[in-house]
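Observations on the model geometry
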Amino acid sequence: SRTINLLACDLGASNGRAQLARFDGNKLKLDVIHNFTNGGARLNGNFYWDILALFAEIKQGIKKAVKVTDGDIHSMGLDTWGVDYGLLDENGKLMSLPYHYRDSRTDGIPAEVFKEIGKKEIYQETGIQFMQINTLFQLYAELKERPWILNNAATLLFMPDLLNYLLTGKKYNEHTIASTSQLFNPLKNTWSETIFKSLGIPVDIMQEVIYPGNKIGGLLPEVKEECGLNNDLAVMAVGSHDTASAVAATPLEDENGVYLSSGTWSLLGMELTEPVINENSLTENFTNELGVENRVRFLKNITGLWLIQECKRIWQREGRDLSYSEISRAAAQATPFKYRLDPDDPVFMKPENMPEVIKEYCRKTKQAVPETIGEMARGVYESLAFSYDKVIKRLEKLVDRKIKNIHMVGGGIQAELLCQYTADISKRRVLAGPVEATATGNVLAQLIGLGEIKDLKEGRELVRNSIELKEYLPV
Ligand code: ADP
Ligand code: LRH
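Residues numbered from 1 in each chain as written. Chains lettered and ligands numbered in written order. Predicted model: local features only at pLDDT ≥ 70, side-chain atom pairs only at ≥ 80, totals over all residues.

1. Structural notes on the overall build of the chain
- What the chain contains, in helices and strands, is 18 helices and 21 strands.
- Its C-alpha atoms give the chain a radius of gyration of 21 Å, near enough to 23 Å, the size a compact globule of 475 residues would have.
- Counting only C-alpha atoms and orienting by the principal axes, one finds that the chain spans roughly 60 × 60 × 50 Å.
- Relative to its full complement of 475 residues, the chain shows a buried share of 49%.
- Taking the intrachain contacts of the chain between residues at least 6 apart in sequence as the baseline, contacts between residues at least 24 apart amount to 74%. (Helix = DSSP H or I, 4+ residues; strand = E, 2+ residues; numbered from the N terminus. Rg over C-alpha atoms; globule rule 2.2 N^0.38 Å. Buried ≥ 20, exposed ≤ 12 C-beta atoms within 10 Å, placed from the backbone. Contact = placed C-beta atoms within 7 Å.)

2. With respect to the environment of Asn91
- Here Asn91 shows up in the loop between strand E7 (85-88) and helix H2 (109-116).
- Of the residues examined, Asn91 has 6 C-beta atoms within 10 Å and is grouped as exposed.

3. Brief notes about the site of ligand 2
- As a structural note, the neighbourhood of ligand 2 is formed by 15 residues, with Trp81, Gly82, Asp242, Thr243 and Trp265 the closest of them.
- Of all the secondary structure elements, the ones that give two or more residues to the shell around ligand 2 are helix H10 (242-248) and strand E16 (265-272).
- Grouping the constituent residues of the shell around ligand 2 by class yields seven nonpolar, seven polar and one charged. (Near = placed C-beta within 6 Å. Nonpolar A, V, L, I, M, F, W, Y, C, P; charged D, E, K, R; others polar.)

4. Let's talk about the nonpolar core
- By size, the foremost hydrophobic cluster in this structure holds 125 residues, and its most contacted members are Leu7, Met76 and Tyr381.
- Ranked by residues supplied to this core, first place goes to helix H15 (residues 373-399) with 10 residues.
- Beyond its immediate stretch of four places on either side in the chain, Tyr381 contacts Ala331, Ala415, Leu417, Leu418 and Tyr421. (Core = buried A, V, L, I, M, F, W, Y, C linked by C-beta atoms within 7 Å.)

5. Some words on the site of ligand 1
- Around ligand 1, the surrounding shell holds 17 residues, and the nearest of these are Gly12, Ser14, Gly263, Thr264 and Gly411.
- At the level of secondary structure, the elements contributing two or more residues to the shell around ligand 1 comprise helix H12 (306-317) and helix H13 (324-333).
- When residues in the shell around ligand 1 are grouped by element, the largest group, three residues, is from H13.
- Residues that form the shell around ligand 1 fall into these classes: five nonpolar, 12 polar and no charged.

6. Considerations on the pairing of strand E15 (residues 257-262)
- Extensive coverage of E15 is indicated by the burial of six of its six residues.
- With burial as the criterion, each face of E15 is covered, one bearing Gly257, Tyr259 and Ser261 and the other bearing Val258, Leu260 and Ser262.
- Note: E15 against strand E19 (residues 405-409), five bridges, orientation parallel. Among the inter-strand pairings, Tyr259 is bridged to a residue of E19, identified as His407. (Pairing = 2+ DSSP bridges.)

7. A short note on the sheet that holds strand E13 (residues 215-218)
- Taken in spatial order, the six strands line up as E3-E2-E1-E6-E14-E13 in an open sheet, and their pairing is mixed. Lying at the two open borders of the sheet, with one neighbouring strand each, are strand E3 (28-37) and E13. In this sheet, adjacent strand axes meet at a mean angle of 25° when their direction is disregarded.
- Relative to strand E6 (residues 75-80), strand E1 (residues 4-11) is paired through six bridges, and the arrangement is parallel. Residue Leu7 lies in a different strand from E6, and its bridge partner there is Met76.
- Against the sheet, helix H17 (residues 437-449) contacts E1, strand E2 (15-23), E3, E6 and strand E14 (234-236), and its axis sits at roughly 135° relative to E1. (Axes fitted to C-alpha atoms, helices over the stretch in contact; angles between N-to-C directions.)

8. A look at the pairing of strand E8 (residues 155-158)
- Along E8, one buried face is formed by Thr155 and Leu157 and the opposite face, lined by Leu156 and Phe158, is buried too.
- Examined bridge by bridge, E7 and E8 share four bridges and lie antiparallel to one another. Across the sheet, residue Gly86 finds its bridge partner in E8, namely Leu157.

9. Some remarks on the UniProt feature "domain: Carbohydrate kinase FGGY C-terminal" (unreviewed entry) in the chain
- Look at the UniProt record and you will see "domain: Carbohydrate kinase FGGY C-terminal" (unreviewed entry) annotated at residues 259-448.
- Its end C-alpha atoms 22 Å apart, residues 259-448 is made of 46% helix and 17% strand. (UniProt positions renumbered as here; feature names shortened; annotations may be inferred.)

10. Here we look at the UniProt feature "domain: Carbohydrate kinase FGGY N-terminal" (unreviewed entry) in the chain
- According to UniProt, the positions carrying the feature "domain: Carbohydrate kinase FGGY N-terminal" (unreviewed entry) are residues 7-246.
- As a span, residues 7-246 carries 36% helix and 25% strand, and end to end its C-alpha atoms are 16 Å apart.

11. Remarks on helix H16 (residues 416-426)
- If you check which residues of H16 are buried, you get Leu418, Cys419, Tyr421, Thr422, Ala423 and Ser426.
- Residues of H16 that are buried sit in contact with E15, H15, E19, strand E20 (429-432) and strand E21 (470-472).
- Lys427 occupies a position one or two residues after H16 and carries a positive phi of about 55°.

12. A short note on the sheet that holds strand E18 (residues 296-303)
- The strand order E17-E18-E16-E15-E19-E20-E21 describes an open sheet built from seven strands, whose pairing is mixed. Every interior strand has two partners, whereas the edge strands, strand E17 (287-290) and E21, have only one. Neighbouring strand axes in the sheet, compared pairwise and without regard to direction, differ in orientation by 30° on average.
- Pairing of E17 with E18, which is carried by four bridges, proceeds in the antiparallel orientation. Bridge pairing links Asn288 to Phe298 in E18.

13. What to know about the environment of Ile51
- Tracing the backbone shows Ile51 in helix H1 (residues 51-69).
- With 17 C-beta atoms packed within 10 Å, Ile51 lands in the partly exposed category.
- Distance from Ile51 to Asp455, taken between C-alpha atoms, is 33 Å for residues 404 residues apart in sequence.
- In this structure, Ile51 is in contact with Leu97 and Pro98, ignoring residues within four places of it in sequence.

Structure below.
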(Lines give C-alpha, C1' and ligand atoms only; values in the text may rest on other atoms or scores of the structure.)
(Ligands and ions follow the chains in the order given, each with its own letter.)
Protein backbone atom coordinates (compact mmCIF):
# COMPACT_ATOMS: atom_id res chain seq x y z
CA SER A 1 0.00 0.00 0.00
CA ARG A 2 1.05 3.61 -0.40
CA THR A 3 3.11 5.38 2.25
CA ILE A 4 2.55 9.02 3.05
CA ASN A 5 5.06 11.45 4.54
CA LEU A 6 4.19 14.05 7.14
CA LEU A 7 6.32 16.54 8.97
CA ALA A 8 6.07 17.38 12.66
CA CYS A 9 7.92 20.32 14.18
CA ASP A 10 8.00 19.99 17.95
CA LEU A 11 9.52 22.80 19.96
CA GLY A 12 10.11 22.26 23.65
CA ALA A 13 11.51 24.80 26.07
CA SER A 14 14.87 23.00 26.07
CA ASN A 15 15.14 21.68 22.53
CA GLY A 16 13.31 21.33 19.26
CA ARG A 17 13.05 18.63 16.63
CA ALA A 18 11.70 18.25 13.13
CA GLN A 19 10.51 14.72 12.51
CA LEU A 20 9.55 12.99 9.35
CA ALA A 21 6.69 10.56 9.83
CA ARG A 22 5.91 7.77 7.44
CA PHE A 23 2.48 6.17 7.58
CA ASP A 24 1.78 3.05 5.55
CA GLY A 25 -1.79 2.51 6.67
CA ASN A 26 -0.67 0.10 9.35
CA LYS A 27 2.32 1.48 11.16
CA LEU A 28 3.72 4.89 11.90
CA LYS A 29 7.45 5.51 11.87
CA LEU A 30 9.08 8.75 12.98
CA ASP A 31 12.62 9.88 12.30
CA VAL A 32 14.32 12.95 13.68
CA ILE A 33 15.67 14.79 10.67
CA HIS A 34 16.66 18.01 12.39
CA ASN A 35 17.29 18.95 16.00
CA PHE A 36 18.40 22.04 17.80
CA THR A 37 18.71 23.43 21.29
CA ASN A 38 16.34 26.00 22.68
CA GLY A 39 16.40 27.73 26.04
CA GLY A 40 15.78 31.41 25.53
CA ALA A 41 17.88 34.51 25.19
CA ARG A 42 18.92 37.06 27.81
CA LEU A 43 18.86 40.62 26.60
CA ASN A 44 18.86 43.93 28.49
CA GLY A 45 17.93 42.28 31.76
CA ASN A 46 15.00 40.35 30.31
CA PHE A 47 14.47 36.81 29.15
CA TYR A 48 13.02 36.19 25.68
CA TRP A 49 12.65 33.51 23.05
CA ASP A 50 14.98 33.81 20.09
CA ILE A 51 12.16 33.86 17.56
CA LEU A 52 14.46 34.46 14.60
CA ALA A 53 16.57 31.43 15.44
CA LEU A 54 13.49 29.27 16.04
CA PHE A 55 11.96 30.26 12.73
CA ALA A 56 15.25 29.57 10.96
CA GLU A 57 15.45 26.11 12.59
CA ILE A 58 11.91 25.28 11.48
CA LYS A 59 12.76 26.24 7.91
CA GLN A 60 15.89 24.13 8.21
CA GLY A 61 13.68 21.20 9.24
CA ILE A 62 11.38 21.71 6.27
CA LYS A 63 14.37 21.98 3.95
CA LYS A 64 15.75 18.66 5.17
CA ALA A 65 12.33 17.02 4.85
CA VAL A 66 12.06 18.29 1.28
CA LYS A 67 15.44 16.82 0.55
CA VAL A 68 14.79 13.31 1.89
CA THR A 69 11.30 13.04 0.41
CA ASP A 70 11.96 14.82 -2.86
CA GLY A 71 9.26 17.30 -1.88
CA ASP A 72 6.65 14.60 -1.34
CA ILE A 73 5.22 15.79 1.99
CA HIS A 74 1.47 15.56 2.61
CA SER A 75 1.27 18.16 5.37
CA MET A 76 3.07 19.58 8.35
CA GLY A 77 2.15 20.54 11.90
CA LEU A 78 3.82 22.56 14.60
CA ASP A 79 3.61 22.49 18.38
CA THR A 80 5.41 24.35 21.14
CA TRP A 81 5.45 24.77 24.92
CA GLY A 82 2.53 26.66 26.40
CA VAL A 83 1.57 30.16 27.59
CA ASP A 84 3.97 32.39 25.61
CA TYR A 85 2.89 34.67 22.79
CA GLY A 86 3.74 37.46 20.39
CA LEU A 87 1.78 40.61 19.60
CA LEU A 88 1.29 41.97 16.09
CA ASP A 89 0.41 45.54 15.13
CA GLU A 90 -2.34 46.38 12.69
CA ASN A 91 0.06 45.80 9.81
CA GLY A 92 0.75 42.27 10.97
CA LYS A 93 4.25 43.10 12.22
CA LEU A 94 5.68 41.58 15.38
CA MET A 95 5.79 44.35 18.01
CA SER A 96 8.41 42.97 20.35
CA LEU A 97 10.33 39.83 21.15
CA PRO A 98 8.17 37.14 22.75
CA TYR A 99 9.05 36.84 26.43
CA HIS A 100 10.16 33.60 28.03
CA TYR A 101 7.64 32.52 30.67
CA ARG A 102 10.48 32.48 33.21
CA ASP A 103 11.12 36.21 32.75
CA SER A 104 10.84 38.09 36.05
CA ARG A 105 8.23 40.57 34.90
CA THR A 106 5.45 38.40 36.37
CA ASP A 107 7.00 38.35 39.87
CA GLY A 108 4.33 39.59 42.27
CA ILE A 109 1.79 40.00 39.48
CA PRO A 110 -0.71 37.30 40.55
CA ALA A 111 -1.39 39.18 43.82
CA GLU A 112 -2.08 42.36 41.83
CA VAL A 113 -4.41 40.56 39.46
CA PHE A 114 -6.38 39.08 42.38
CA LYS A 115 -7.20 42.64 43.46
CA GLU A 116 -8.98 43.14 40.13
CA ILE A 117 -10.68 39.77 39.91
CA GLY A 118 -10.87 37.05 42.55
CA LYS A 119 -8.93 33.84 42.32
CA LYS A 120 -12.09 31.82 42.59
CA GLU A 121 -13.77 33.69 39.78
CA ILE A 122 -10.77 33.22 37.49
CA TYR A 123 -10.82 29.52 38.24
CA GLN A 124 -14.57 29.22 37.66
CA GLU A 125 -14.15 31.02 34.34
CA THR A 126 -11.16 29.04 33.09
CA GLY A 127 -10.54 25.91 35.18
CA ILE A 128 -6.83 26.61 34.78
CA GLN A 129 -4.27 26.07 37.56
CA PHE A 130 -2.59 29.16 38.96
CA MET A 131 0.99 29.65 37.88
CA GLN A 132 2.62 33.03 37.49
CA ILE A 133 3.80 32.01 34.01
CA ASN A 134 0.23 31.94 32.63
CA THR A 135 -0.54 34.26 29.71
CA LEU A 136 -3.10 36.01 31.89
CA PHE A 137 -0.38 37.20 34.29
CA GLN A 138 2.07 37.94 31.50
CA LEU A 139 -0.46 40.19 29.77
CA TYR A 140 -1.23 42.00 32.99
CA ALA A 141 2.49 42.58 33.56
CA GLU A 142 2.77 43.81 29.99
CA LEU A 143 -0.12 46.21 30.51
CA LYS A 144 1.50 47.66 33.62
CA GLU A 145 5.04 47.84 32.25
CA ARG A 146 4.59 48.69 28.60
CA PRO A 147 0.97 49.73 28.03
CA TRP A 148 1.81 51.27 24.65
CA ILE A 149 2.50 47.80 23.28
CA LEU A 150 -0.78 46.18 24.27
CA ASN A 151 -2.77 49.32 23.55
CA ASN A 152 -1.58 49.29 19.96
CA ALA A 153 -1.67 45.57 19.41
CA ALA A 154 -4.10 44.18 16.86
CA THR A 155 -3.38 40.48 17.26
CA LEU A 156 -2.21 38.06 19.91
CA LEU A 157 -0.72 34.84 18.66
CA PHE A 158 0.48 32.12 20.98
CA MET A 159 3.92 30.74 20.15
CA PRO A 160 2.78 28.00 17.73
CA ASP A 161 0.21 30.38 16.20
CA LEU A 162 2.96 32.92 15.66
CA LEU A 163 5.29 30.46 13.96
CA ASN A 164 2.40 29.19 11.82
CA TYR A 165 1.69 32.80 10.86
CA LEU A 166 5.30 33.36 9.83
CA LEU A 167 5.04 30.21 7.70
CA THR A 168 1.63 30.87 6.12
CA GLY A 169 0.55 34.47 6.73
CA LYS A 170 -2.63 33.14 8.42
CA LYS A 171 -3.66 34.29 11.89
CA TYR A 172 -5.46 31.84 14.17
CA ASN A 173 -5.44 30.83 17.82
CA GLU A 174 -5.37 27.07 18.06
CA HIS A 175 -7.80 25.58 20.58
CA THR A 176 -5.46 23.58 22.86
CA ILE A 177 -2.87 26.34 23.17
CA ALA A 178 -5.64 28.89 23.76
CA SER A 179 -7.00 26.85 26.65
CA THR A 180 -3.79 26.86 28.68
CA SER A 181 -3.53 30.67 28.68
CA GLN A 182 -6.10 31.11 31.51
CA LEU A 183 -8.04 33.45 29.21
CA PHE A 184 -10.38 30.85 27.74
CA ASN A 185 -13.61 29.49 29.18
CA PRO A 186 -13.78 25.73 28.52
CA LEU A 187 -17.47 25.48 29.44
CA LYS A 188 -18.56 28.21 27.03
CA ASN A 189 -15.76 27.27 24.66
CA THR A 190 -14.79 30.85 24.02
CA TRP A 191 -12.61 33.65 25.44
CA SER A 192 -13.55 34.71 28.96
CA GLU A 193 -15.04 38.17 28.45
CA THR A 194 -15.15 38.54 32.24
CA ILE A 195 -11.40 38.18 32.57
CA PHE A 196 -10.54 40.45 29.67
CA LYS A 197 -12.94 43.11 30.97
CA SER A 198 -11.80 42.93 34.59
CA LEU A 199 -8.17 43.37 33.61
CA GLY A 200 -8.63 45.90 30.85
CA ILE A 201 -7.11 43.67 28.22
CA PRO A 202 -8.71 44.16 24.80
CA VAL A 203 -10.45 40.93 23.82
CA ASP A 204 -10.40 41.86 20.15
CA ILE A 205 -6.71 40.96 19.93
CA MET A 206 -7.80 37.33 20.09
CA GLN A 207 -8.24 35.50 16.82
CA GLU A 208 -10.62 32.94 15.43
CA VAL A 209 -10.08 29.62 17.16
CA ILE A 210 -8.90 26.78 14.95
CA TYR A 211 -9.13 23.10 15.92
CA PRO A 212 -6.58 20.32 15.45
CA GLY A 213 -6.95 18.62 12.11
CA ASN A 214 -7.93 21.72 10.15
CA LYS A 215 -5.80 23.37 7.51
CA ILE A 216 -4.23 26.68 8.47
CA GLY A 217 -2.85 27.51 5.05
CA GLY A 218 -0.12 26.82 2.55
CA LEU A 219 3.50 27.86 2.99
CA LEU A 220 4.22 31.41 1.84
CA PRO A 221 6.02 31.61 -1.51
CA GLU A 222 9.15 33.07 0.12
CA VAL A 223 9.27 30.20 2.63
CA LYS A 224 8.81 27.60 -0.09
CA GLU A 225 11.59 29.14 -2.07
CA GLU A 226 13.92 29.21 0.90
CA CYS A 227 13.18 25.56 1.65
CA GLY A 228 13.65 24.42 -1.93
CA LEU A 229 10.04 23.34 -2.30
CA ASN A 230 8.31 23.59 -5.68
CA ASN A 231 4.88 22.26 -4.78
CA ASP A 232 2.49 23.38 -2.05
CA LEU A 233 2.70 22.22 1.54
CA ALA A 234 -0.33 22.43 3.80
CA VAL A 235 0.28 23.59 7.35
CA MET A 236 -2.29 21.89 9.60
CA ALA A 237 -3.48 22.84 13.02
CA VAL A 238 -2.54 20.09 15.47
CA GLY A 239 -2.66 19.91 19.24
CA SER A 240 -0.27 22.82 19.04
CA HIS A 241 0.25 22.89 22.80
CA ASP A 242 2.98 20.26 23.11
CA THR A 243 1.32 18.66 26.13
CA ALA A 244 -1.93 18.26 24.17
CA SER A 245 -0.03 16.42 21.45
CA ALA A 246 1.87 14.32 24.00
CA VAL A 247 -1.37 13.22 25.67
CA ALA A 248 -2.96 12.49 22.29
CA ALA A 249 -0.23 9.95 21.57
CA THR A 250 -0.17 8.36 25.01
CA PRO A 251 -1.44 4.79 24.63
CA LEU A 252 -3.79 4.95 27.61
CA GLU A 253 -5.54 1.62 28.07
CA ASP A 254 -8.45 2.37 30.36
CA GLU A 255 -9.82 4.74 32.96
CA ASN A 256 -7.27 3.67 35.55
CA GLY A 257 -4.28 5.06 33.76
CA VAL A 258 -2.58 8.41 34.10
CA TYR A 259 -0.17 10.07 31.72
CA LEU A 260 3.06 11.63 32.87
CA SER A 261 4.65 13.71 30.16
CA SER A 262 8.26 14.15 31.15
CA GLY A 263 10.41 16.97 29.77
CA THR A 264 11.28 20.42 31.09
CA TRP A 265 8.03 20.05 33.03
CA SER A 266 6.30 16.95 34.31
CA LEU A 267 2.65 17.00 33.38
CA LEU A 268 0.70 14.44 35.32
CA GLY A 269 -2.98 13.80 34.90
CA MET A 270 -5.94 12.09 33.35
CA GLU A 271 -7.94 12.48 30.23
CA LEU A 272 -11.57 13.37 30.95
CA THR A 273 -14.57 14.25 28.84
CA GLU A 274 -15.77 17.13 31.04
CA PRO A 275 -13.87 19.76 33.03
CA VAL A 276 -13.68 19.32 36.81
CA ILE A 277 -14.03 22.82 38.22
CA ASN A 278 -14.89 22.81 41.92
CA GLU A 279 -13.61 23.82 45.36
CA ASN A 280 -11.36 20.77 45.60
CA SER A 281 -9.78 21.07 42.19
CA LEU A 282 -9.14 24.74 42.93
CA THR A 283 -7.59 23.95 46.30
CA GLU A 284 -5.39 21.28 44.74
CA ASN A 285 -4.67 23.66 41.85
CA PHE A 286 -5.44 21.15 39.10
CA THR A 287 -5.89 22.40 35.58
CA ASN A 288 -8.47 21.66 32.88
CA GLU A 289 -6.62 22.20 29.64
CA LEU A 290 -8.28 21.20 26.42
CA GLY A 291 -7.01 18.42 24.24
CA VAL A 292 -7.25 16.95 20.80
CA GLU A 293 -10.81 15.80 20.05
CA ASN A 294 -12.14 18.14 22.72
CA ARG A 295 -10.88 16.00 25.57
CA VAL A 296 -10.03 17.60 28.87
CA ARG A 297 -6.49 17.31 30.15
CA PHE A 298 -7.08 17.29 33.87
CA LEU A 299 -3.56 17.58 35.15
CA LYS A 300 -1.01 19.28 37.29
CA ASN A 301 2.30 20.88 36.33
CA ILE A 302 5.21 19.67 38.38
CA THR A 303 8.60 21.24 37.83
CA GLY A 304 10.38 18.50 35.95
CA LEU A 305 13.76 17.95 34.34
CA TRP A 306 14.30 21.70 34.32
CA LEU A 307 16.15 20.94 37.55
CA ILE A 308 18.55 18.61 35.73
CA GLN A 309 18.84 20.92 32.70
CA GLU A 310 19.90 23.81 34.87
CA CYS A 311 22.40 21.72 36.84
CA LYS A 312 23.84 20.47 33.56
CA ARG A 313 24.22 24.04 32.27
CA ILE A 314 26.14 25.11 35.36
CA TRP A 315 28.30 21.95 35.48
CA GLN A 316 29.15 22.53 31.85
CA ARG A 317 30.15 26.11 32.59
CA GLU A 318 32.40 24.78 35.31
CA GLY A 319 34.08 22.46 32.84
CA ARG A 320 32.20 19.31 33.80
CA ASP A 321 30.51 18.65 30.49
CA LEU A 322 28.33 15.58 30.99
CA SER A 323 25.60 14.29 28.69
CA TYR A 324 22.13 13.51 30.04
CA SER A 325 22.82 9.78 29.91
CA GLU A 326 26.10 10.29 31.80
CA ILE A 327 24.24 12.28 34.44
CA SER A 328 21.62 9.58 34.91
CA ARG A 329 24.34 6.89 35.04
CA ALA A 330 26.16 8.85 37.74
CA ALA A 331 22.87 9.09 39.64
CA ALA A 332 22.36 5.33 39.47
CA GLN A 333 25.68 4.81 41.22
CA ALA A 334 25.16 7.40 43.95
CA THR A 335 23.94 6.94 47.52
CA PRO A 336 20.13 6.77 47.61
CA PHE A 337 17.92 9.16 49.56
CA LYS A 338 20.65 11.58 50.49
CA TYR A 339 18.30 14.55 50.31
CA ARG A 340 14.87 15.42 49.01
CA LEU A 341 13.48 18.62 47.56
CA ASP A 342 10.12 20.02 46.58
CA PRO A 343 10.51 20.57 42.83
CA ASP A 344 7.87 23.31 42.90
CA ASP A 345 9.53 25.43 45.56
CA PRO A 346 9.78 28.91 43.98
CA VAL A 347 13.54 29.00 44.60
CA PHE A 348 13.94 26.56 41.69
CA MET A 349 11.94 28.56 39.17
CA LYS A 350 14.73 30.64 37.66
CA PRO A 351 17.89 30.50 39.74
CA GLU A 352 21.23 31.79 38.49
CA ASN A 353 22.99 28.69 39.71
CA MET A 354 20.81 25.62 40.26
CA PRO A 355 23.38 23.35 41.99
CA GLU A 356 24.13 26.13 44.50
CA VAL A 357 20.44 26.72 45.13
CA ILE A 358 19.89 22.99 45.72
CA LYS A 359 22.77 22.92 48.23
CA GLU A 360 21.43 26.00 49.96
CA TYR A 361 17.98 24.40 50.10
CA CYS A 362 19.46 21.31 51.76
CA ARG A 363 21.25 23.41 54.38
CA LYS A 364 18.09 25.36 55.12
CA THR A 365 16.01 22.22 55.43
CA LYS A 366 18.72 20.59 57.59
CA GLN A 367 19.47 17.77 55.21
CA ALA A 368 22.72 16.26 53.99
CA VAL A 369 24.19 18.36 51.19
CA PRO A 370 24.84 16.49 47.92
CA GLU A 371 28.53 16.67 47.04
CA THR A 372 28.82 14.88 43.70
CA ILE A 373 26.98 15.20 40.41
CA GLY A 374 25.57 11.72 40.93
CA GLU A 375 24.25 12.51 44.39
CA MET A 376 22.67 15.74 43.27
CA ALA A 377 21.00 14.21 40.20
CA ARG A 378 19.82 11.17 42.14
CA GLY A 379 18.12 13.39 44.70
CA VAL A 380 16.35 15.25 41.90
CA TYR A 381 15.05 12.05 40.28
CA GLU A 382 13.93 10.67 43.63
CA SER A 383 12.25 13.94 44.57
CA LEU A 384 10.37 13.99 41.28
CA ALA A 385 9.14 10.45 41.90
CA PHE A 386 7.93 11.44 45.40
CA SER A 387 6.11 14.39 43.85
CA TYR A 388 4.45 12.16 41.27
CA ASP A 389 3.25 9.83 44.00
CA LYS A 390 1.77 12.72 45.95
CA VAL A 391 -0.01 14.13 42.90
CA ILE A 392 -1.41 10.71 41.93
CA LYS A 393 -2.92 10.29 45.39
CA ARG A 394 -4.58 13.70 45.15
CA LEU A 395 -5.82 12.91 41.67
CA GLU A 396 -7.37 9.65 42.89
CA LYS A 397 -9.38 11.62 45.42
CA LEU A 398 -10.42 14.34 42.97
CA VAL A 399 -11.74 11.97 40.33
CA ASP A 400 -12.62 9.12 42.68
CA ARG A 401 -10.75 6.44 40.77
CA LYS A 402 -8.02 3.95 41.63
CA ILE A 403 -4.96 4.58 39.52
CA LYS A 404 -3.04 1.47 38.50
CA ASN A 405 -0.89 2.42 35.55
CA ILE A 406 1.37 5.36 34.89
CA HIS A 407 2.10 6.02 31.24
CA MET A 408 5.35 7.93 31.03
CA VAL A 409 6.14 9.66 27.74
CA GLY A 410 8.58 12.28 26.48
CA GLY A 411 12.32 12.86 26.47
CA GLY A 412 12.59 12.23 30.21
CA ILE A 413 11.82 8.51 29.90
CA GLN A 414 15.34 8.07 28.58
CA ALA A 415 16.32 8.50 32.22
CA GLU A 416 15.40 4.90 33.03
CA LEU A 417 16.19 5.58 36.63
CA LEU A 418 13.37 8.10 36.78
CA CYS A 419 10.91 5.55 35.40
CA GLN A 420 12.05 2.91 37.88
CA TYR A 421 11.89 5.29 40.86
CA THR A 422 8.43 6.35 39.77
CA ALA A 423 7.31 2.72 39.82
CA ASP A 424 9.07 2.00 43.13
CA ILE A 425 7.92 5.04 45.04
CA SER A 426 4.33 5.03 43.76
CA LYS A 427 4.11 1.23 43.92
CA ARG A 428 2.46 1.26 40.55
CA ARG A 429 3.17 -0.14 37.13
CA VAL A 430 4.93 2.23 34.77
CA LEU A 431 4.59 1.86 31.01
CA ALA A 432 7.14 4.02 29.23
CA GLY A 433 6.75 5.20 25.66
CA PRO A 434 6.71 6.79 23.22
CA VAL A 435 9.75 9.00 23.81
CA GLU A 436 8.52 11.11 20.94
CA ALA A 437 4.94 11.33 22.16
CA THR A 438 4.58 14.99 21.28
CA ALA A 439 5.72 14.67 17.68
CA THR A 440 3.62 11.51 17.38
CA GLY A 441 0.51 13.28 18.66
CA ASN A 442 1.23 16.11 16.27
CA VAL A 443 1.23 13.61 13.41
CA LEU A 444 -1.92 11.86 14.65
CA ALA A 445 -3.90 15.11 14.48
CA GLN A 446 -2.71 15.56 10.91
CA LEU A 447 -3.70 12.00 10.02
CA ILE A 448 -7.16 12.49 11.52
CA GLY A 449 -7.55 15.77 9.61
CA LEU A 450 -6.49 14.11 6.38
CA GLY A 451 -8.99 11.31 6.95
CA GLU A 452 -6.22 8.70 7.06
CA ILE A 453 -7.30 7.54 10.51
CA LYS A 454 -10.69 7.93 12.10
CA ASP A 455 -10.09 9.33 15.53
CA LEU A 456 -7.88 9.48 18.58
CA LYS A 457 -8.80 5.95 19.60
CA GLU A 458 -7.54 4.63 16.30
CA GLY A 459 -4.51 6.86 16.66
CA ARG A 460 -3.59 5.34 19.99
CA GLU A 461 -4.00 1.85 18.55
CA LEU A 462 -1.63 2.91 15.82
CA VAL A 463 0.87 4.02 18.47
CA ARG A 464 0.55 0.68 20.28
CA ASN A 465 1.04 -1.06 16.98
CA SER A 466 4.09 0.96 16.04
CA ILE A 467 6.29 1.06 19.11
CA GLU A 468 7.31 -1.13 21.99
CA LEU A 469 6.39 0.09 25.46
CA LYS A 470 8.81 -0.55 28.27
CA GLU A 471 7.39 -1.86 31.51
CA TYR A 472 8.76 -0.96 34.94
CA LEU A 473 7.35 -2.84 37.90
CA PRO A 474 7.82 -1.61 41.47
CA VAL A 475 10.51 -3.39 43.46
P1 ADP B 1 11.26 19.64 26.31
O2 ADP B 1 10.34 19.24 25.20
O3 ADP B 1 10.56 20.16 27.51
O4 ADP B 1 12.35 20.57 25.84
P5 ADP B 1 12.11 16.81 26.19
O6 ADP B 1 10.81 16.09 26.23
O7 ADP B 1 12.83 16.88 24.90
O8 ADP B 1 11.97 18.29 26.81
O9 ADP B 1 13.03 16.15 27.30
C10 ADP B 1 14.30 16.64 27.56
C11 ADP B 1 14.84 16.04 28.82
O12 ADP B 1 14.97 14.63 28.70
C13 ADP B 1 16.22 16.54 29.17
O14 ADP B 1 16.15 17.71 29.95
C15 ADP B 1 16.83 15.37 29.92
O16 ADP B 1 16.66 15.54 31.31
C17 ADP B 1 16.06 14.16 29.45
N18 ADP B 1 16.90 13.31 28.58
C19 ADP B 1 17.09 13.47 27.26
N20 ADP B 1 17.94 12.52 26.78
C21 ADP B 1 18.29 11.75 27.83
C22 ADP B 1 19.16 10.61 28.02
N23 ADP B 1 19.82 10.09 27.00
N24 ADP B 1 19.26 10.10 29.25
C25 ADP B 1 18.59 10.63 30.30
N26 ADP B 1 17.79 11.70 30.19
C27 ADP B 1 17.63 12.26 28.99
C1 LRH C 1 5.43 21.67 28.58
C2 LRH C 1 4.58 22.91 28.70
C3 LRH C 1 3.55 22.82 29.80
C4 LRH C 1 3.34 24.28 30.10
C5 LRH C 1 4.78 24.78 30.08
C6 LRH C 1 4.95 26.25 29.90
O7 LRH C 1 6.38 21.78 27.57
O8 LRH C 1 3.94 23.20 27.48
O9 LRH C 1 2.36 22.15 29.44
O10 LRH C 1 2.65 24.52 31.27
O11 LRH C 1 5.39 24.03 29.03
